[in-house]
Amino acid sequence: MKVKTVLISQPEPKVENSPYAELEDKLKVKVDFIPFIHVEGVESKEVRQQKIDLNDFTAIILTSRNAVDNYFRIAEEMRFKIPDSMKYFCQSEAVAYYLQKYVVYRKRKIYVGKRNFQDLVASIKKHKDEKFLLPSSDSLKPVVPQQLDKIGVDWTRGIFYKTVVSDLSHLKEVFYDVVVFFSPSGIKSLFENFPDFEQKETRIAAFGKTTLKMAEKHGLKVQIKAPTPEAPSMTMALENYIKDDKK
């Protein structure tokens, strides 16, 4: 079966000229975006139950846009006035740019990593006297606490939001040629929604080693993998596969 339809298990990118739009035009396939998981903020009382007092911290470690949104939401709910002296350590330029939604960028102390959390650790290490707060979801990559403990900084994790399985019941009778996963949580959502899911003719695409492992753990055969030397992005991996498929 040639690939005509692709389901991306994430929200649609909010950018013009998305690489997925280019993929649709170039290869004449239909690409749909349906999030298999979504984020819900926890209530401020739950944060208090974690014995977190926002006054205790002089620096914030922000690993995602969700972390940014939920830190400022909790601060507002707790009526905490964030001091101008607060230092922000952002995992990537995208996160730092998003921070401008809440603060005047040029008037704040903002430190930016290149992409991975390890890239940010060098900056954090230079500010060992700070007290760091890490607003995170209920699922956190092990590398984050490992790296922070390794450099010996004073840091506290706060669960400010949770990853929740989305209701996918509307997909019960819908078939896609390719389903794309970007996290183990997406695969978990698939099987929570459809415990009897059978792959049959569906091609599975997985981004990252942990996603691939989770797919294989659930007995899925993964035909499309990224990143690889030949396909550093998922759109490139899809394009290569679909082109080969059409030959």
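Refer to the structure printed above.
Residues numbered from 1 in each chain as written. Predicted model: local features only at pLDDT ≥ 70, side-chain atom pairs only at ≥ 80, totals over all residues. Heavy atoms only, no water.

S.K.: Go over the overall build of the chain with me, naming the residues and quoting the values.
M.R.: A count of helices and strands for the chain gives 9 helices and 12 strands. Viewed in the frame of its principal axes, the chain has a C-alpha envelope of about 60 × 35 × 35 Å. Taking all 247 residues of the chain together, the buried fraction comes to 45%. Partitioning the intrachain contacts of the chain with sequence separation of at least 6 by distance along the chain shows that 69% fall at a separation of at least 24. As displayed, the chain offers around 14,500 Å² of accessible surface, 48% of which is attributable to carbon and sulfur atoms. Positive and negative side-chain charges of the chain, numbering 41 and 34 respectively, have mean locations separated by a distance of 5 Å. (Helix = DSSP H or I, 4+ residues; strand = E, 2+ residues; numbered from the N terminus. Buried < 20%, exposed > 50% of the residue type's maximum accessible area, 1.4 Å probe, protein only. Contact = heavy atoms within 4.5 Å. Areas by Shrake-Rupley, 256 points an atom, 1.4 Å probe, with all protein chains shown as cover. Lys, Arg positive; Asp, Glu negative; His and termini not counted. Charge placed at Lys NZ, Arg CZ, Asp CG, Glu CD.)

S.K.: With reference to specific residues and values, describe the packing of aromatic side chains.
M.R.: Under the criterion given, the structure shown has 9 aromatic pairs. Judged by centre distance (4.6 Å) and plane angle (15°), the ring pair of phenylalanine 89 and tyrosine 111 falls under stacked. Of this pair, phenylalanine 89 sits in strand β5 (residues 87-90) while tyrosine 111 sits in strand β6 (residues 109-112), and the two are 22 residues apart along the sequence. Overall, phenylalanine 89 belongs to the buried group, its relative accessible area being 0%. Given the relative accessible area of 22%, tyrosine 111 is considered partly exposed. Among the aromatic residues, those joined into a ring-pair cluster are Tyr71, Phe72, Tyr88 and Tyr102. (Phe/Tyr/Trp six-rings, centres within 6.5 Å; stacked < 30°, edge-to-face > 60°.)

S.K.: An account of unusual backbone geometry is requested, with residue identities and associated values reported.
M.R.: Here the amide bond leading from alanine 226 into proline 227 is cis, since omega sits at -5°, within 30 degrees of zero. Following the sequence through the fold, proline 227 ends up in the loop between β12 (222-226) and α9 (234-246). You will see that lysine 51, though not glycine, has its phi angle at about 60°, which is positive. By the secondary structure assignment, lysine 51 is in the loop between α2 (44-49) and β4 (59-62). Judged by its relative accessible area of 79%, lysine 51 falls in the exposed class.

It is worth stressing that arrangement in space is one thing and function is another; only the former is reported here.
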